[in-house]
Amino acid sequence: MSYAIWVLFGSFVIFMAMGVPIAFAIGSAATLTFLLFMGVEQSVFIVAQQMASGLDSFTLLAIPFFILAGNIMNHGGIAMRLINFAKVLAGRLPGALAHCNVLANMMFGSISGSAVASAAAVGGVMAPLQDREGYDRSFSAAVNIASCPTGLLIPPSATLIVYSLITGGTSIAALFVAGYLPGLLMGLGIMIVAGIIAKRRGYPVSPRPSLNEFWVAARDAVLPLGLIVVIMGGIISGVFTATEASAAAVIYALVLALVWYREISLRDLPRIIIESAVTTSVVLLMIGASIAMSRAMAFGMIPNTISDVLLNLSDNPLMILLAINITLLLIGTFMDMTPALLIFTPIFLPVVGDLGMDPVHFGIVMTFNLCIGICTPPVGSALFVGCSVGGTSIAKVIKPLLPLYAVLVSLLLVVTYVPEISLFLPRLLLGYGL
């Protein structure tokens, strides 16, 4: 068993250090681990078989559909409409444009399903506006970076679909509904810290919007936000599954972008579909390789070994959960969200299961934790994109990010140790666990 751990994770780290693409590093590490149990031909065959069978899932169809819907919305002029709505909502708060950035990221991120897309679209619009109002560029970029992952918790979320798959069928509807309060809590925490800093620095407050301005902004935003209502309303009411909801999201996005707003034309669709196909292929290749790695871990009894080690460290469940969170925070600094979720969910899920932790609650905790990771150096994707669109450097943005990191980690612990934050809405709306 110890040999399996060393071969799997040792080879994975070596491949990563050599610059091997992460999906291939995962698959190669799994293949080498299988060599401990069987011959070369069987090892390669089993890895290929696991990847193919793992991707043969109706649930996984939701991912390409949600990616396509998000890309259609991204090209359909949605970001500016949501930003205008956020401005009238947050205009009277200290540091109004910073709050507008957070609210717009929460709305746009939940629609697009991508933290990076949200950081680029919202940050690209907000950065020049904040420059003109005298905001420090590093502060503006820090707020954008810290808030862009909120949409990964607020449904629809492809991340939670991946978690459902890797755990063997945890309710996607319950996961989606469970993400609302933690996602809103994340956004609110960032807004509080940003508001305190903005007040100390004397950043301007926007003029009070007229009733007509509020009506126009709300009218323009209601249809994009209606996508969330269609998806979640359909899932909660049982009209359709999450996969069927993703297909409905594509139709809704097409009607909105092609017919209603006319921001894209039929000639733009092939390019959007190709972009979505490329993104989907990357995600699915990573999922397939990670499923093979999960199988290799099961062969080597690696989850059992790590579970025994963690459970022997302490009898206190609170300390074990703290150790898991610290481990995931460290992992998130050098590994992107999807592979981290795919690799470490099978390891930690048996541990929290022994502690009596609900899998839906743990899925939200893992997602919240890894959302912080994509905002941190050295490889945080949201960090790089946020600095690029904000016109600043990583070195300059780290200092204003520190108080935001602090509030995010504090909220992570609150979500970890107060299960009702995640489970209240699933129990109320779906009768989950009752």
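Source: prediction; values computed, not measured. (Residues numbered from 1 in each chain as written. Predicted model: local features only at pLDDT ≥ 70, side-chain atom pairs only at ≥ 80, totals over all residues. Heavy atoms only, no water.)

**Student:** In this structure, what is going on with the packing of helix H8 (residues 137-147) against helix H19 (residues 381-390)? I would like to understand it.
**Tutor:** For any two helices packed against each other, one specifies the inter-axial angle together with the distance between the axes. Between H8 and H19, the shortest axis-to-axis distance is 9 Å and the interhelical angle comes to 140°. By the criterion of interaxial angle, the relationship of H8 to H19 is oblique. In this structure, the crossing between H8 and H19 has a hand that is right-handed. Residues Arg137, Ala141, Asn144 and Ile145 of H8 lie in contact with H19, whose contacting residues are Ala382, Leu383, Gly386, Cys387, Val389 and Gly390. In terms of residue class, the contact of H8 with H19 is built from six nonpolar, three polar and one charged. (Axes fitted to C-alpha atoms, helices over the stretch in contact; angles between N-to-C directions. Helix = DSSP H or I, 4+ residues; strand = E, 2+ residues; numbered from the N terminus. Parallel < 35°, antiparallel > 145°, perpendicular 65-115°, else oblique. Left-handed = near helix turned anticlockwise from the far one by under 90°. Contact = heavy atoms within 4.5 Å. Nonpolar A, V, L, I, M, F, W, Y, C, P; charged D, E, K, R; others polar.)

**Student:** Would you mind going over the packing of helix H11 (residues 180-201) against helix H21 (residues 420-430) with me for this structure?
**Tutor:** Between H11 and H21, whose axes approach to 7 Å, the crossing angle comes to 135°. Relative to H21, the element H11 lies oblique. Between H11, through Tyr180, Leu181, Pro182 and Leu185, and H21, the contact on the second element is made entirely by Ile421, Ser422, Phe424 and Leu425.

**Student:** Explain the nonpolar core to me, please; I cannot follow it from the model alone.
**Tutor:** When a protein is soluble and globular, its nonpolar side chains tend to lie buried together. Judged by nonpolar contacts, the single largest core of 153 residues is most densely connected at Phe12, Ile63, Met293, Ile324, Phe344 and Leu401. Here this core takes eleven residues from helix H14 (residues 269-299), the largest share from any one element. Look past the residues within four positions of Ile63 in its chain and what remains in contact with it is Ala158, Ile161, Val162, Val283 and Ile287. (Core = buried A, V, L, I, M, F, W, Y, C linked by side-chain atoms within 4.5 Å. Buried < 20%, exposed > 50% of the residue type's maximum accessible area, 1.4 Å probe, protein only.)

**Student:** It is not clear to me how the packing of aromatic side chains should be interpreted in this structure. Could you clarify?
**Tutor:** To describe a pair of aromatic rings, you give the distance between the ring centres and the angle between the ring planes. Going through the model one piece at a time under the given rule, you end up with five aromatic pairs. Taken together, a centroid distance of 5.6 Å and an interplanar angle of 35° make the contact between Phe139 and Tyr203 tilted. One end of the pair, Phe139, is in helix H8; the other, Tyr203, is in the loop between H11 and helix H12 (211-237), and 64 residues separate them in sequence. The class of Tyr203 is buried, set by a relative accessible area of 11%. (Phe/Tyr/Trp six-rings, centres within 6.5 Å; stacked < 30°, edge-to-face > 60°.)

**Student:** What should I look at first to understand the pattern of salt bridges in this one?
**Tutor:** When charged atoms on two side chains of opposite charge get close, those side chains can pair. According to the stated counting rule, one finds six salt bridges in the structure shown. Residue Asp131 pairs with Arg137 through a salt bridge whose shortest N-O separation is 3.1 Å. The partly exposed category is assigned to Asp131, whose relative accessible area is 32%. We classify Arg137 as partly exposed; its relative accessible area is 42%. A salt bridge links Arg219 to Asp220, with the nearest nitrogen and oxygen atoms 3.7 Å apart. We classify Arg219 as partly exposed; its relative accessible area is 43%. The partly exposed category is assigned to Asp220, whose relative accessible area is 26%. Through salt bridges with shared partners, a single network forms among Asp268, Arg271 and Glu275. (Salt bridge = Lys/Arg side-chain N within 4 Å of Asp/Glu carboxyl O.)

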